[in-house]
Amino acid sequence: MKFIFMLKVGVLGAGHLGKIHLRLLNQSEKYELVGFFDPFEENATKVAAEFGYKKFDSIESLLAEVDVVDIVTPTIQHFECAKMVIEAGKHIFIEKPIATTVEEAEEIVALANKYNVKGQVGHVERFNPAFTAVKNKINKPMFIETHRLAEFNPRGTDVPVVLDLMIHDIDAILSVVKSKVKTVNASSVAVISDSPDITNARLEFENGCVANITASRISMKNMRKSRFFQKDAYISVDYLDKICEVVRMQDAPEIPGDFDMILQNAEGVKKQIYFDNPNVNPNNAILDELESFADAINNNTTPVVSLEDGTEALRVAYQIIDCIGK
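As a starting point, this report considers the structure included with it.

Calculation notes
Residues numbered from 1 in each chain as written. Predicted model: local features only at pLDDT ≥ 70, side-chain atom pairs only at ≥ 80, totals over all residues. Heavy atoms only, no water. Helix = DSSP H or I, 4+ residues; strand = E, 2+ residues; numbered from the N terminus. Rg over C-alpha atoms; globule rule 2.2 N^0.38 Å. Buried < 20%, exposed > 50% of the residue type's maximum accessible area, 1.4 Å probe, protein only. Contact = heavy atoms within 4.5 Å. Lys, Arg positive; Asp, Glu negative; His and termini not counted. Charge placed at Lys NZ, Arg CZ, Asp CG, Glu CD. Axes fitted to C-alpha atoms, helices over the stretch in contact; angles between N-to-C directions. Parallel < 35°, antiparallel > 145°, perpendicular 65-115°, else oblique. Nonpolar A, V, L, I, M, F, W, Y, C, P; charged D, E, K, R; others polar. Pairing = 2+ DSSP bridges. Right-handed = clockwise from strand over helix to strand, strands pointing away.

### Quick notes on the overall build of the protein chain
So, point 1. Secondary structure assignment for the protein chain yields 9 helices and 14 strands.
So, point 2. Taken over C-alpha atoms, the radius of gyration comes to 22 Å for the protein chain, in line with the 20 Å a tight globule of 326 residues would show.
So, point 3. Scored against the burial criterion, the 326 residues of the protein chain give a buried share of 49%.
So, point 4. Considering only contacts within the protein chain whose residues lie at least 6 apart along the sequence, 67% involve residues at least 24 apart.
So, point 5. For the protein chain, the distance from the average position of its 35 positive side-chain charges to the average position of its 47 negative side-chain charges is 3 Å.

Next up, the structure:
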């Protein structure tokens, strides 16, 4: 019976990430992979021959046979592809960042509303098992610190590190801080590229929360860590090693146990520290994000990372880039 609900899906773009999406959609029980379109004929022919996926000769011919389109093209092509797909009445999954500019992103949102189609943006860290294990424990954080450091890879250096790497953390932060960004400060350095390779940004929110975000693509080792500080709790997330920890404080018992960890402040108030290591269930985050979109379509619910979410992450990213420019 499950095949009744399988959505016919096509993929635009068969590059490095596009091939990963094709493989996962092909094995998913929630989608029927119809095929793909890639404008580079040599690459398209090679992918079709190697993996057996159906190659379409145009976007229009692909659109005629699908319910959903997965857009995994270079960012500069996102808007035109999304516009064609939405105007054909098809749902869109679109890789991050949602578009090249905030204006394009806003138009994608408006078009999706006009044509009554659903859209999700590929901010994959929202599906990282270390983040999902603690997200419900993050409650009104007041200070956040993130480090996303990557070894140099020529792929992606055509865009600022803010759009390449930092936008992952911007989106994750916006998903847990239920407040608007009030002020942005940032600094960066272009070391090996024409655009910034290292950027540090400080976001201040209207509710008083502060986020300090660092991203680098010329580091000696990879690191993807976030720390959330809130009243009576500290929560750490390691996206790379997929581990997380929650450190909480509660009123100390009158008679502490021999192994209880007790802190006492200057006023004599005693607090007990205890550690919680939530269970992290291994997953394929890309498959999970794609299948969560199928669920949103079938159940008529809001996608986990909506087009509006993707637009807001892009808006804050450009506030940071504009701040650097000044």
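### Observations concerning unusual backbone geometry
So, point 1. The omega angle of the peptide bond from Lys96 to Pro97 is -15 degrees, so this bond is cis rather than trans.
So, point 2. Tracing the chain through its elements places Pro97 in the loop between β4 (91-95) and α5 (102-115).
So, point 3. Residues other than glycine seldom take positive phi values, yet Asn116 does so here, at roughly 55 degrees.
So, point 4. Classification of Asn116 as exposed rests on a relative accessible area of 68%.

### A short note on the packing of helix α4 (residues 78-87) against α5
So, point 1. One can describe the packing of α4 onto α5 by two numbers: an axis separation of 9 Å at closest approach and a directional angle of 5 degrees. Between α4 and α5, the angle is such that the two are roughly parallel. Taking contact as the criterion, the partners of Phe79, Ala82, Lys83, Ile86 and Glu87 in α4 are, on α5, Glu104, Glu107, Ile108, Leu111, Ala112 and Tyr115.
So, point 2. Looking at the contact of α4 with α5 residue by residue, the classes come out as 7 nonpolar, no polar and 4 charged.

### Some words on the pairing of strand β1 (residues 7-12)
So, point 1. In terms of residue burial, β1 counts as a mostly covered element, since 5 of its 6 residues are buried.
So, point 2. Where β1 meets strand β2 (residues 31-37), 6 bridges bridge the pair, whose relative direction is parallel. By the bridge assignment for β2, Val9 is matched with Leu33.
So, point 3. Traced from β1 through helix α1 (residues 16-27) to β2, the parallel crossover comes out right-handed.

Interpretation in functional terms is not warranted from these geometric data alone.
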